[in-house]
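Chain by chain, the residues:
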Amino acid sequence: MGKAYADDTDQETMRAQRMDGIPSKRRERSVEETLRIFEEMKNGSDEGRSHCIRAKISADDPNKAMRDPVIYRCNIENSHHRTGRKWNMYPMYDFACPVVDSHEGVTHALRSTEYTDRNPQYQWFLDTLSLRQVHMWDFSRMNFIRTFLSKRKLAKLVDAGKVWGWDDPRMPTIRGVRRRGMTVAALRDFIIRQGPSRNVVTMDWTSFWAANKKEIDPVVARHTALLSDNLVKVKLTGAEVPSGVVIEQRPKHPKNPDVGLKDVIFSHELLVDQEDAKSFKLNEEITLMGWGNAFVREIPSEAPIKTMSLELNLKGDFKSTDKKITWLSAEGFEPVRAELWDFDYLITKDKLDEDDKVEDFLNPNTFSLVDAVCDDGVGKLKKDDIIQLERRGFYRVDKGLEDWAPGEAGLKGKRVVLFYIPTGKTGGK
């Protein structure tokens, strides 16, 4: 058709000529000569490798994307995964897109606004090659603070072992946020609410995770976890203390009976968090969540606190207390061991500039991990279940007790692995 030509102009000169609107000295090459060189490119000969093929559109169009773009280059470094070395030249991205979109039946090509200047080029290929028309629609890319979405840069983190893989919960990928605890319904709702805007904005993660909380808060079960480090054993006194172990069925969700029931174990000895115990004052009235009030009757002076005494006061008003604490029975069951993971941003800068090197802004501390003991219901959870640990937040089960392969648990033994799910309150990722 005379709409393309083979060009052996060096890259630096070609770049300068395109910038200044100067036509290549090879622009009027004959069709026959270009086809001959194209065959040399296919074979990967010395002559072929010194050339590229350029579309013959314009040398000085005001839109630089229209200034005879390169549509084929040689590549002899990598063997094609399907065809091996049968061809040694390959179509460039801007040429391949309109051809493949039209051929495969795409009706609307959704392109981010960075491609707007290339839309006329896309249309030129459709018209020149008499291909089925494809409607183009531009939209803005979604940008988030302290996050980069470049697949090339993310691949560097994966290849360097900085993250566990493409599904690492710190990764801004669909698989990453799903593993972190984002639900499909919330993800769909969030994207629909963004709409087809062309405005480029950098968003906080707050609204992203807040949308997820709206989905999970009404329907996920509540459970209890205490940090394993320096647990405090509490002896209960008073007429209302059970004489032995008592198991009662309680709702898994205080406002949604459809979530089901769970076993809650009561006894005369409890376990509480060290931090809670350290905050108590002698004779202070506190609330044992899910049970009732109690007075602090004994606080040892040693640190860390190992034991203490509370007097039950189940008639007390929980609205009058400042401290509502979680607890577990020290008798009647074997607490379930768990790991509580939380994650931080991968980079320390709100927005990376074009010339910034990712390596210079990597966050050295991107996760925290604490060991915990949980109520017996946590031991029945499976991978991908979502729960709320009272006073700690929402968590996704990355691995349940039955999800460990033989020998995989190592010296620590089987435990439930829980990933903290942000709720949007702090904008955390």
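Summary of the structure given here.

So, how was this worked out
- Along each chain, the written sequence defines residue order, and numbers are assigned to residues from 1.
- Only residues with pLDDT of at least 70 get local features here, since the model is predicted, and only at 80 or more are side-chain atom pairs given and counted; chain-wide, interface and lining totals rely on the full set of residues.
- Processing note: side-chain calculations cover all non-hydrogen atoms of the structure and skip hydrogens and water entirely.
- Here a helix means four or more residues in a row that DSSP labels H or I, a strand means two or more in a row labelled E, and each is numbered from the N terminus.
- Radius of gyration: over C-alpha atoms. The globule rule applied is 2.2 Å multiplied by the number of residues raised to the 0.38 power.
- Only protein chains enter the accessibility calculation, which uses a 1.4 Å probe; a residue is then buried when its area is under 20% of its type maximum, exposed when over 50%, and partly exposed in between.
- In this analysis, two residues are considered to be in contact whenever any of their non-hydrogen atoms come within 4.5 Å of each other.
- Each accessible area is a Shrake-Rupley result for a 1.4 Å probe, and residues are judged covered by the shown protein chains and nothing else.
- If DSSP finds at least two bridges between two strands, the strands pair.
- The axes are straight lines fitted to the C-alpha atoms, using for helices just the contacting stretch, and the angles between their N-to-C directions are given from 0 to 180°.
- When we speak of the arc, we mean the arc of directions from the helix axis to the C-beta atoms.
- Disulfides are defined as cysteine sulfur pairs within 2.5 Å.

**So, the overall build of the chain**
- Each helix and strand in the chain was counted, giving ten helices and 24 strands.
- Since a compact globule built from 429 residues should have a radius of gyration of about 22 Å, the 32 Å found for the chain marks it as more spread out than a globular shape.
- Taking the principal axes of its C-alpha atoms as reference, the chain extends roughly 105 × 45 × 35 Å.
- Here the chain holds 429 residues, and 44% of them are scored as buried.
- Considering only contacts in the chain between residues 6 or more positions apart, those separated by 24 or more positions represent 65%.
- As displayed, the chain offers around 23600 Å² of accessible surface, 51% of which is attributable to carbon and sulfur atoms.

**Quick look at the sheet that holds strand 10 (residues 225-227)**
- Spatially, the seven strands line up as an open sheet ordered 9-22-23-24-20-21-10, and their pairing is mixed. On the outer flanks of this sheet lie strand 9 (221-223) and strand 10, each paired with one strand and no other. Averaged over all pairs of adjacent strands, the angle between their axes in this sheet comes to 40°, without regard to strand direction.
- Packed onto the sheet, helix 9 (residues 206-216) meets strand 22 (386-389), strand 23 (393-399) and strand 24 (416-421) and runs at close to 120° relative to strand 24.

**What to know about helix 9**
- Taken together, the buried positions of helix 9 are occupied by Phe208, Trp209, Ala211, Asn212 and Ile216. Projected down its long axis, helix 9 shows its buried positions confined to an angular sector of 150°, all on one face.
- Packed against the buried residues of helix 9 are strand 7 (142-144), helix 7 (174-180), helix 8 (184-194), strand 22, strand 23 and strand 24.

**Topic: the environment of Arg198**
- Following the sequence through the fold, Arg198 ends up in the loop between helix 8 and strand 8 (201-203).
- Placed 57 residues apart in sequence, Arg198 and Arg141 show a C-alpha to C-alpha distance of 8.3 Å.
- Setting aside its immediate chain neighbours within four residues, Arg198 contacts Thr113, Trp137, Asp138 and Ser140.

**Notes on the sheet that holds strand 4 (residues 89-91)**
- In spatial order, the strands read 1-2-3-4; together these four strands make up an open sheet with antiparallel pairing. Of all strands in the sheet, those bounded by a partner on one side alone are strand 1 (4-7) and strand 4. Geometrically, the sheet is characterised by an average inter-axis angle of 20° between neighbouring strands, direction not taken into account.
- Across three bridges, strand 3 (residues 70-74) lies against strand 4 in antiparallel orientation. Of the residues in strand 4, the one forming a bridge with Cys74 is Met89.

**Concerning the state of the cysteines**
- Applying the stated criterion to the full structure yields zero disulfides.
- This cysteine, Cys74, is not joined by any disulfide, and Cys52 carries the nearest cysteine sulfur, 9.2 Å off.

**Focus: the side chain of Ser140**
- Along the chain, the position of Ser140 falls in the loop between strand 6 (135-139) and strand 7.
- Relative accessible area serves as the criterion here: at 14%, Ser140 is assigned to the buried category.
- Discounting residues that sit within four places of it in the chain, Ser140 has contacts with Thr113, Ser197, Arg198, Asn199 and Val200.

**What about the pairing of strand 14 (residues 269-272)?**
- Pairing between strand 11 (residues 232-237) and strand 14: four bridges, direction antiparallel. In the sheet register, Lys233 faces strand 14, and the bridge partner there is Leu271.
- Judged from the two bridges that link them, strand 14 and strand 19 (residues 328-329) form a sheet pairing that is antiparallel. By the bridge assignment, Leu270 is partnered in strand 19 with Ser329.

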